[in-house]
Amino acid sequence: MPGLATQVERYSVVIAIGGVAVRVNTTDADFLDMLHARYSGFVSAETHAEFDFDVDLAAPAFANPDADVSVTQRSGRWFMERGDFRAEWTPATGTGWIHQSANPYSIDAVLRIVHSLVLARRGGFLLHSASAIRNGRAFLFAGVSGAGKTTISRLAPPDATLLTDEISYVRKLDVPGQDQEYVAFGTPFTGELAKLGENTSAPVAALYLLAQGPKNRIDPVGEADAGRELLANMLFFAEDQEMVHWAFQAACDFVRRVPVYRLTFVPDTRVWEMIG
Amino acid sequence: MSKKLYVARSPRIAARKLGQEMLVMSGQGSTLFTLNPTATVIWQAADGATSLDEIVERRICPEFEVKPEEALRDAEALAEDLAKHGILVISEEPISEQPISEQSIAKPDAPVQEPQQR
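Scoring rules and cut-offs
- Residues numbered from 1 in each chain as written.
- Chains lettered and ligands numbered in written order.
- Predicted model: local features only at pLDDT ≥ 70, side-chain atom pairs only at ≥ 80, totals over all residues.
- Domains from an automatic or database assignment.
- Helix = DSSP H or I, 4+ residues; strand = E, 2+ residues; numbered from the N terminus.
- Nonpolar A, V, L, I, M, F, W, Y, C, P; charged D, E, K, R; others polar.
- Axes fitted to C-alpha atoms, helices over the stretch in contact; angles between N-to-C directions.
- Parallel < 35°, antiparallel > 145°, perpendicular 65-115°, else oblique.
- Left-handed = near helix turned anticlockwise from the far one by under 90°.
- Contact = placed C-beta atoms within 7 Å.
- Buried ≥ 20, exposed ≤ 12 C-beta atoms within 10 Å, placed from the backbone.
- Pairing = 2+ DSSP bridges.
- Core = buried A, V, L, I, M, F, W, Y, C linked by C-beta atoms within 7 Å.

Another aspect to go through is the domain arrangement of chain A. Residues and elements named next belong to chain A. Looking at chain A, the domain boundaries give domain 1 (11–121) and domain 2 (125–274). On a C-alpha basis, the centres of domain 1 and domain 2 stand 24 Å from each other. Mapped by element, the contributors of at least two residues to the side of domain 1 that touches domain 2 are β5 (70–74) and α2 (104–121). Looking at the side of domain 1 that touches domain 2 element by element, the count peaks at nine residues for α2. Among the residues forming the side of domain 1 that touches domain 2, the class breakdown is nine nonpolar, six polar and three charged.

On to the packing of α2 of chain A against helix α5 (residues 241–257) of chain A. Residues and elements named next belong to chain A. Interhelical geometry of α2 versus α5 gives an angle of 65° and a closest axis separation of 9 Å. The angle between α2 and α5 places the two elements in the roughly perpendicular class. The hand of the α2/α5 crossing is left-handed. Taken together, the residues of α5 that come into contact with α2 (itself represented by Leu 117, Ala 120 and Arg 121) are Met 243, Trp 246, Ala 247 and Ala 250. In terms of residue class, the contact of α2 with α5 is built from six nonpolar, no polar and one charged.

The next point concerns the pairing of strand β6 (residues 77–82) of chain A. A regular strand places its side chains so that they alternate between the two faces of the sheet. All names here are of chain A. Burial of the side chains of β6 is restricted to one face: Trp 78, Met 80 and Arg 82 are buried, whereas none of Arg 77, Phe 79 and Glu 81 on the reverse face is. Where β5 folds back onto β6 in an antiparallel hairpin, the turn is made up of two residues, including Ser 75, whose phi is positive at roughly 50°. Pairing of β6 with strand β7 (residues 85–90) involves five bridges; the strand directions are antiparallel. Residue pairing in the sheet places Met 80 in a bridge with Ala 87 of β7. Linkage of β6 to β7, two consecutive antiparallel strands, is achieved through a turn of two residues.

Residue and element names in this part refer to chain B. In space, the three strands of this open sheet follow the order β5-β1-β6, with antiparallel pairing throughout. The open sheet is flanked by β5 (47–51) and β6 (88–91), the only strands paired with a single partner. Geometrically, the sheet is characterised by an average inter-axis angle of 25° between neighbouring strands, direction not taken into account. Two strands pair when backbone bridges link them, and strand β1 (residues 6–9) and β6 are joined in this way by four bridges, in the antiparallel orientation. The residue bridging Arg 9 from the neighbouring strand is Leu 88, located in β6. Contacts between helix α3 (residues 68–84) and the sheet are confined to β1 and β6, with β6 contributing the most and set at about 120° to the helix.

Time to look at unusual backbone geometry. Its identity as a non-glycine residue notwithstanding, Ser 75 of chain A has a phi of 50°, on the positive side. Here Ser 75 of chain A lies in the loop between β5 and β6. Classification of Ser 75 of chain A as exposed rests on a count of 5 C-beta atoms within 10 Å. Residue Glu 65 of chain B is not a glycine yet carries a positive backbone phi of 50°. Within the element layout of this structure, Glu 65 of chain B appears in the loop between α2 (52–64) and α3.

Looking now at the nonpolar core. With 112 residues, the main nonpolar core has Val 110, Leu 140, Ala 247 and Ala 251 of chain A together with Ile 42 of chain B as its most contacted residues. When residues in this core are grouped by element, the largest group, 10 residues, is from α5 of chain A. Shared between two domains, this core holds at least three residues of each, these being domain 1 (11–121) and domain 2 (125–274) of chain A. Those residues in contact with Ile 42 of chain B, other than ones at most four positions away along the chain, are Val 7, Ile 55, Ala 75, Leu 78 and Ala 79 of chain B.

Take a look at the structure:
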């Protein structure tokens with residue numbers, strides 16, 4: 001007698017960004033391969049993950065990544081939706097699901113949202129900025145599209161380790177015997193350079209607000225201006241009062257602890273002589 | 001205006017003094033405001049129990065050297081403007097409790113602390 005049920009293979013991959021591990025579960029082996037390729041360098045050999053997401057793949061017609069993203073919280077659950085995906089996440093249980101087609105962009109968006117929500121409660125944030133490590137210290141280069149994030153990343157000297165050319169991952173961590181410090185981590189979230197960041201981290205030494213100009217110069221930025229510009233460049237998805245509060249406090253705390261400068265630069269390699 | 005007005009900081013906002021400027025962020029719409037010096041004084045003094053004319057008399061007039069009547073007129077207009085943006089709550093009675101039942105996102109004391117030394 002033939003079996004009444006078909007056993008479905010379940011595949012998993014743990015993607016660890018900024019030390020926060022997310023397990024993605026799927027029944028589609030091709031999708032799993034795509035995740036391994038997309039997040040290579042950030043795939044963890046650890047089996048333990050802080051959060052678990054089941055991916056429910058839909059037909060390819062289900063896609064409109066240009067639509068606005070909606071992130072709302074109700075009764076302890078987060079609901080995320082864009083034209084190309086729907087997702088739900090319950091922080092208390094650490095579990096969630098994603099309904100999307102088999103493409104890398106939708107899950108990338110969900111991961112960015114989830115990490116931004118996780119970081120907010122922990123005093124960190126995702127920032128529209130390139131970042132790189134030089135001489136053991138991390139430098140962030142923030143700016144809107146066209147400000148020079150890709151350019152400064154492309155000009156980085158061989159001794160600089162690129163963490164990202166698009167989205168920086170900043171956490172506030174305890175330092176034994178000292179005060180807390182901000183640490184920048186590499187991310188797989190890429191911009192025009194389309195190159196994954198290195199999966200490493202370093203304490204943040206400075207935030208540079210990018211501007212292109214006729215000559216290279218660095219000018220200090222006052223705390224209030226720094227706070228305003230930092231908030232303007234934070235990735236912020238949720239129209240949620242508590243999240244707004246955390247993001248605001250994180251921005252204010254960051255600019256009090258980390259020097260912020262305006263970096264006006266000519267797009268050639270000499271700009272890196274002033275950094276690090 | 002003959003009636004006394006009482007003002008209280010809205011529980012829906014987060015605020016912090018950075019440098020010499022008071023930044024206020026509304027939880028609704030993620031809107032960021034920068035308060036001018038007069039608005040900062042009113043916002044800091046807006047405890048719900050002190051009337052606006054007392055704030056003007058004790059804080060605004062001595063600090064900004066303006067006449068009480070003129071200062072009160074300006075303060076009322078400013079308070080109404082801040083209330084429109086959800087930064088202050090205005091009442092003709094003392095405001096003894098949080099006027100909004102939703103969970104507060106503003107810490108009563110922490111937001112207005114002076115910057116700590118780095």
